[in-house]
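As a plain string of letters, each chain reads:
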Amino acid sequence: MSNSRRDFLLKAGYGLGGLALTSALPGGGFFATPVLASELIDPLAPKNPHFAPKVKSVIWLHQNGAPSTLDLYDYKPELIKRAGQEIAPSFLKGLNVAIRGGTGKLYASNRSWKQYGESGAWFSDLLPNLANHADKLAFIKSSVTVGATHDISILKLNTGSLNPGRPTLGAWINYALGSANPDLPSYVALYSDQKEPRGGSANWTSGFLPAVYQGTPFRPGDSPILHLERPENFSAEQQRNSLSLLNKLNRHGYADYAHDTELQARNRSYELASRIEIAAPEAVDISKESDATKELYGLNDEVSKGYGANLLRARRLAERGVRFIQVISGDLEIRGENRNWDAHNSLDENHGKHARAVDKPIAGLLEDLKSRGLLDSTLIVWTSEFGRTSYGQSGNGRDHNPWGYTQWLAGGGVKAGFTYGETDEVGLRAVGENVVDTYDLHATVLHLLGLNHLKTTFLQNGRSERPTVVYGKVVKELLA
């Protein structure tokens with residue numbers, strides 16, 4: 001899927017028109033009959049939440065490829081003690097472990113561990129910068145998901161479903177709350193590679209919601225949206241005159257086609273294009289940021305530079321009112337190959353480089369938001385499609401683990417310095433009652449934005465759909 005402006009506008013136009021028959025406000029009634037174009041509600045106009053929100057924006061940090069949180073946050077002395085032994089059958093009871101060839105022996109990577117902050121949270125030596133912000137984080141150490149292949153679990157992480165076709169969480173938020181800045185897309189996806197991340201547009205799709213609510217992908221580099229600049233031989237005055245004429249002609253046509261909402265929708269998309277052309281480049285232009293800020297985000301290190309630039313852009317978008325900013329970590333060259341966090345082998349080398357790429361930028365984001373007074377109005381979510389196993393693979397790697405792994409939240413409304421749930425003694429699966437599924441994470445994020453996930457609905461083929469399907473509960477223990 002192209003991320004060009006013309007592609008975005010084409011889909012936005014269709015989405016706006018389709019809204020007339022199928023859209024609904026958060027918790028409100030559905031249009032029973034078609035509405036006139038002159039009466040069409042702007043689908044991106046700000047909408048009231050169900051109750052007072054704790055945050056205004058979400059920065060969603062997807063660690064693509066699934067890091068081993070056992071080697072980042074989940075210190076397990078028993079795993080270290082039993083390293084090299086066969087895993088006891090009691091740990092495997094009821095699990096289908098034949099994901100990539102069964103189980104190997106328990107594996108402990110070459111890590112050292114230390115507790116940080118008043119909370120005493122454990123961090124490995126892979127995250128020395130983030131560890132200094134331990135008391136800002138609320139850990140979920142009992143995360144679970146369904147599926148153990150990247151494509152399926154990424155779909156579930158973003159949409160709550162194992163099958164394509166449902167909206168992403170960002171699209172639901174865009175639909176339910178509208179835009180806080182009419183000059184920028186209210187749902188943006190940032191990725192570090194020159195190509196789209198695994199799954200492409202499935203990461204930011206609007207699913208069955210009108211297309212206007214889908215995420216807008218911003219590429220790395222100085223020109224985040226293709227074809228955003230005017231052609232060299234087309235002046236600003238010519239462009240304004242063309243848009244003015246088009247606007248007059250379209251408005252003249254409303255009288256003859258009162259029920260054709262596509263016409264009004266398309267006209268609005270042209271108006272939005274004109275505003276984005278000015279606002280988007282400025283919003284992601286980090287050249288005017290201070291040298292100290294650039295260093296804070298790791299832009300002085302080639303390994304962390306790309307991810308750091310995206311997090312700095314994420315901060316700039318959040319302070320300009322963008323509702324949902326999804327940042328997807330990219331590939332790095334490891335042993336001559338471009339690899340993400342997916343470490344079936346050479347885990348120490350893989351995670352050493354990927355941790356270096358994200359550690360300083362994420363710590364910088366937290367510090368920068370705090371210093372600017374934005375952390376209390378922004379929610380940071382550090383997440384992945386699943387975790388990795390306690391037992392080894394290929395001698396020095398780990399397999400996929402959907403049964404128990406760590407995620408964390410930080411920012412407004414979050415109980416900072418708190419840990420919820422736990423995994424078993426070797427870190428393979430979540431134990432106890434405090435298990436958190438993707439649906440629960442989504443419900444909690446929506447709650448912090450002032451949305452009841454049970455009342456955020458959309459009529460699709462006669463069925464009232466909601467973001468968490470028929471599941472999900474707010475993890476109230478994580479709330480401040």
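Refer to the structure above for everything that follows.
These numbers were taken from a predicted model, which means no experiment stands behind them.

Asker: Sorry, what's going on with the packing of aromatic side chains here?
Answerer: Any pair of aromatic rings gets described here by the distance separating the centres and the angle formed by the planes. All told, the structure shown has 17 aromatic pairs when counted by the stated rule. Between the aromatic rings of Trp172 and Phe208, the centroid separation amounts to 6.1 Å while the plane-to-plane angle is 80°, which identifies the pairing as edge-to-face. Taken together, the residues Trp172 in helix α6 (residues 169-177) and Phe208 in the loop between β5 (187-191) and β6 (216-218) connect sequence positions 36 residues apart. The pair formed by Trp172 and Phe208 is uniform in burial state, with each residue classed as buried. With centroids separated by 5.4 Å and ring planes inclined at 85°, the aromatic side chains of Tyr187 and Phe324 adopt a geometry described as edge-to-face. One end of the pair, Tyr187, is in strand β5; the other, Phe324, is in strand β7 (residues 324-328), with 137 residues separating them in the sequence. Tyr187 sits in the buried class, given a relative accessible area of 1%. Its relative accessible area of 2% is what places Phe324 among the buried residues. An aromatic cluster is built from Tyr73, Tyr116, Phe123, Phe139, Trp382 and Trp408, whose rings are joined through pairwise contacts.

Asker: Can you walk me through the packing of helix α10 (residues 302-319) against helix α11 (residues 347-371) in this structure?
Answerer: Relative placement of two packed helices is described by the angle separating their axes and the distance separating the axes. Their axes nearest at 8 Å, the elements α10 and α11 cross at an angle of 25°. The angle between α10 and α11 places the two elements in the roughly parallel class. When you trace α10 past α11, the crossing you get is right-handed. Here Val303, Ser304, Tyr307, Gly308, Leu311, Leu312 and Arg315 of α10 lie close against α11, whose contacting residues are Lys353, Arg356, Ala357, Val358, Pro361, Ile362, Leu365, Asp368 and Leu369.

Asker: Which parts of the structure should I look at to understand the pairing of β5?
Answerer: Sheet faces and side chains relate simply in a regular strand, where the side chains alternate between the two faces. Of all five residues in β5, five are buried, a share of seventy percent or more. With burial as the criterion, each face of β5 is covered, one bearing Tyr187, Ala189 and Tyr191 and the other bearing Val188 and Leu190. The pairing of β5 with β7 spans five bridges and is parallel. Opposite Ala189, over in β7, you have Gln326 as the bridge partner. Strand direction decides the pairing type here: β5 and β6, joined by three bridges, are parallel. Across the sheet, residue Val188 finds its bridge partner in β6, namely Thr216.

Asker: How should I be thinking about the environment of Asp440 in this particular structure?
Answerer: Relative to the assigned elements, Asp440 resides in helix α12 (residues 438-448). Sequence-wise, Asp440 and Val475 are 35 residues apart; in three dimensions their C-alpha atoms are separated by 6.6 Å. Setting aside its immediate chain neighbours within four residues, Asp440 contacts Val435, Gly472, Lys473 and Val475. One polar contact links the side chain of Asp440 to the main-chain amide nitrogen of Lys473, over a distance of 3.0 Å.

Asker: Sorry, what's going on with the environment of Tyr439 here?
Answerer: Its location among the elements puts Tyr439 in helix α12. When the C-alpha atoms of Tyr439 and Pro467 are compared, they prove to be 8.3 Å apart, with 28 residues separating the residues in sequence.

Asker: Please explain the side chain of Ser161 as it appears in this structure.
Answerer: Relative to the elements of secondary structure, Ser161 occurs in the loop between α5 (150-159) and α6. Once you skip the residues sitting within four places of it in the chain, Ser161 turns out to touch Ile152, Leu155, Lys156 and Arg166.

Asker: For this particular structure, what's the right way to read empty space enclosed by the protein?
Answerer: A water-sized probe rolled over the atoms picks out the places where empty space is left. This model, assessed by the stated rule, comprises four cavities of 30 Å³ or more. Of the volumes computed, that of the largest cavity is approximately 80 Å³. In terms of lining, the largest cavity is formed by Leu70, Asp71, Asp74, Lys76, Leu79, Ile80, Ala108, Ser109, Arg111, Trp113 and Arg398. Residues of the lining of the largest cavity, tallied by class, amount to five nonpolar, one polar and five charged.

Asker: How do you make sense of the sheet that holds strand β4 (residues 137-143) when you look at a structure like this?
Answerer: Note: strands within a sheet are paired through backbone hydrogen bonds, in either parallel or antiparallel orientation. Spatially, eight strands are ordered β6-β5-β7-β1-β10-β13-β4-β14 in an open sheet, and the strand pairing comes out mixed. Of all the strands in the sheet, the pair left with one neighbour each is β6 and β14 (418-420). In this sheet, neighbouring strand axes are inclined to one another by 20° on average, regardless of whether the strands run parallel or antiparallel. Against the sheet, α11 engages β1 (57-62), β4, β10 (378-383) and β13 (405-411), with an angle of about 165° to β10. Packing of α12 onto the sheet brings it into contact with β1, β4, β10 and β13, and relative to β10 it is tilted by some 170°.

Asker: I would appreciate a short explanation of the pairing of β10 in the present structure.
Answerer: Burial runs high along β10: six of the six residues are buried. Residues Thr378, Ile380 and Trp382 line one face of β10 and the alternating positions Leu379, Val381 and Thr383 line the opposite face, and both faces are buried. In terms of strand pairing, β1 meets β10 through six bridges, oriented parallel. Within the sheet, the bridge partner assigned to His62 lies in β10 and is Thr383. When β10 meets β13, the two strands line up antiparallel, connected through four bridges. Across the sheet, Leu379 pairs through a bridge with Gly411, a residue of β13.

Rules used in this analysis
Residues numbered from 1 in each chain as written. Predicted model: local features only at pLDDT ≥ 70, side-chain atom pairs only at ≥ 80, totals over all residues. Heavy atoms only, no water. Phe/Tyr/Trp six-rings, centres within 6.5 Å; stacked < 30°, edge-to-face > 60°. Helix = DSSP H or I, 4+ residues; strand = E, 2+ residues; numbered from the N terminus. Buried < 20%, exposed > 50% of the residue type's maximum accessible area, 1.4 Å probe, protein only. Axes fitted to C-alpha atoms, helices over the stretch in contact; angles between N-to-C directions. Parallel < 35°, antiparallel > 145°, perpendicular 65-115°, else oblique. Left-handed = near helix turned anticlockwise from the far one by under 90°. Contact = heavy atoms within 4.5 Å. Pairing = 2+ DSSP bridges. Polar contact = N/O pair within 3.5 Å; in protein donor to acceptor, adjacent residues only side chain to side chain. 1 Å grid on protein atoms, 1.4 Å probe; cavity = no way out; pocket = protein on both sides within 12 Å on 5 of 7 lines; lining within 4 Å. Points joined across faces, edges and corners; volume = space filled by probe spheres on them. Nonpolar A, V, L, I, M, F, W, Y, C, P; charged D, E, K, R; others polar.

That is the geometry; function is a separate question.
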